[in-house]
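# Fold and contact review
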Amino acid sequence: MIRNRIAALAAAAAAASLLLTACNATDEAASVAKDGVGTALQSLHFNSGTAKQNNATPKTGDWATGAGKPAVTPAAKKWVQLSAAKAGDLNPVVVNGAGFTLYRFDKDTANPSKSNCNDACATTWPPVVVAPGGRIFVDGVNKSEVGVVKRADGNLQVTIGGWPVYRFSKDLKPGDTNGQGVGGTWFGVTPDGKKAGVQGQGQNNTGGTGGTGTGTAVTTSVILSDETDFGDPSEGLAGSGCQNVARDDSASSLRASGALKIWSEKDCKGESKVVQGDIADLASIGFDNKISSVFLG
């Protein structure tokens, strides 16, 4: 009789243990489902320094294509590298293990992290994705700024300062910055998640455009003045997209309520620079009497 009671108690205890384990597993799954990345983030390994310094196997990970080959939509790799560097006029900006510039998208959000670039967008702007359990090498980037977000396709995309990060398919060699300012919404990403190369930005990293999120609204108008400190004569441009300047190569200052991209040649070609707000002397950014076109909106 006693033996039967002991057996019954043991069975009950085992059943309770199984039930508790099942409940814990359910709670954990619910937690992961809720934030989409909890367990995955914990499974990642962060290493200070470059992949080479950490003896990563050559020609593995960091999906970067070789020089002269356009980027394609990547598969998740076992490791990626984030390095603070200089690329073109952007300093600092984050580049990957092969030296290709990484970008952020104003239509994404950083709090909470969310990517809104999918399908065709993700082909033009391949997301930086890492496999669960993979490694992230941080080189000049604070580990506390780095995370991941689960994309619509299920991949884990690397974030910096909460912002999902991407390559640009038209950057064909390390150091290219052809994606800077595209559409007024794509910018190189700094080591703390801000927009690289945008002057006078007051970002709060909460996402969005129009001055309510990043604090860097994209302007649809600009006044170009022939003299410094906004003196006359002047010329106004408004609208969206590329606008050619009537008085070519004559502007010495400009007024703008947000970000725009200025170009040294007609039809938004040649040398370019993303600027933010009023610039009293374009010589201070190396663009005096050089503006031939602007990209607005």
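Residues numbered from 1 in each chain as written. Predicted model: local features only at pLDDT ≥ 70, side-chain atom pairs only at ≥ 80, totals over all residues. Heavy atoms only, no water.

### Re the overall build of the chain
Across its full length, the chain holds 3 helices and 18 strands. Counting every position in the chain, which comprises 297 residues, the buried fraction comes to 44%. In the chain, the proportion of contacts linking residues at least 24 apart, taken out of those at least 6 apart, comes to 67%. When the accessible area of the chain is evaluated, it comes to approximately 14000 Å², of which 52% is carbon and sulfur surface. (Helix = DSSP H or I, 4+ residues; strand = E, 2+ residues; numbered from the N terminus. Buried < 20%, exposed > 50% of the residue type's maximum accessible area, 1.4 Å probe, protein only. Contact = heavy atoms within 4.5 Å. Areas by Shrake-Rupley, 256 points an atom, 1.4 Å probe, with all protein chains shown as cover.)

### With respect to the sheet that holds strand 13 (residues 234-238)
Read from one edge of the open sheet, 3 strands run 13-12-15, paired in antiparallel fashion. At either end of the open sheet lies a strand with only one pairing partner, and these are strand 13 and strand 15 (253-255). On average, each strand axis in the sheet is tilted by 20 degrees relative to the strand beside it, whichever way the strands run. Two elements, strand 12 (residues 221-225) and strand 15, share 3 bridges in a ladder whose sense is antiparallel. Opposite Leu224, over in strand 15, you have Leu254 as the bridge partner. (Pairing = 2+ DSSP bridges. Axes fitted to C-alpha atoms, helices over the stretch in contact; angles between N-to-C directions.)

### Regarding the pairing of strand 9 (residues 156-160)
The element strand 9 is extensively covered by neighbouring structure, given that 5 of its 5 residues are classed as buried. The alternating pattern of strand 9 places Leu156, Val158 and Ile160 on one face and Gln157 and Thr159 on the opposite face, and all of these are buried. One ladder, built from 2 bridges, connects strand 7 (residues 129-139) with strand 9; its direction is antiparallel. By the bridge assignment, Val130 is partnered in strand 9 with Leu156. Pairing between strand 8 (residues 146-150) and strand 9: 5 bridges, direction antiparallel.

### Examining the confidence of the model for the chain
With 77% of its residues at a pLDDT of 70 or more, the chain shows a mean pLDDT of 80. This stretch, residues 1-35, has a pLDDT under 50; its non-local contacts, to residues over four places away or in other chains, come to 3 contacts. Low pLDDT, under 50, characterises residues 200-215; the predicted model gives this stretch 47 contacts beyond four residues in sequence or across chains. (pLDDT = per-residue confidence, 0-100.)

### Remarks on the pattern of salt bridges
As enumerated under the stated definition, the model contains 9 salt bridges in all. The shortest N-O distance in the salt bridge between Asp89 and Lys273 comes to 3.8 Å. With Asp89 in the loop between strand 2 (77-87) and strand 3 (90-95) and Lys273 in strand 17 (residues 269-276), the pair connects residues that are 184 residues apart, well separated along the chain. Salt bridges linked by common partners bring Arg104, Asp106 and Lys195 together as one network. (Salt bridge = Lys/Arg side-chain N within 4 Å of Asp/Glu carboxyl O.)

### Overview of the sheet that holds strand 16 (residues 259-265)
Pairing between sheet strands relies on hydrogen bonds along the backbone, with the strands arranged either parallel or antiparallel. Here we have 4 strands laid out as an open sheet, ordered 14-18-16-17, and antiparallel in their pairing. Every other strand in the sheet has two partners, leaving strand 14 (241-244) and strand 17 as the edge strands with one partner each. Looking at each pair of strands side by side, their axes are set apart by 25 degrees on average, direction ignored. Pairing between strand 16 and strand 17: 6 bridges, direction antiparallel. Opposite Ile262, over in strand 17, you have Lys273 as the bridge partner.

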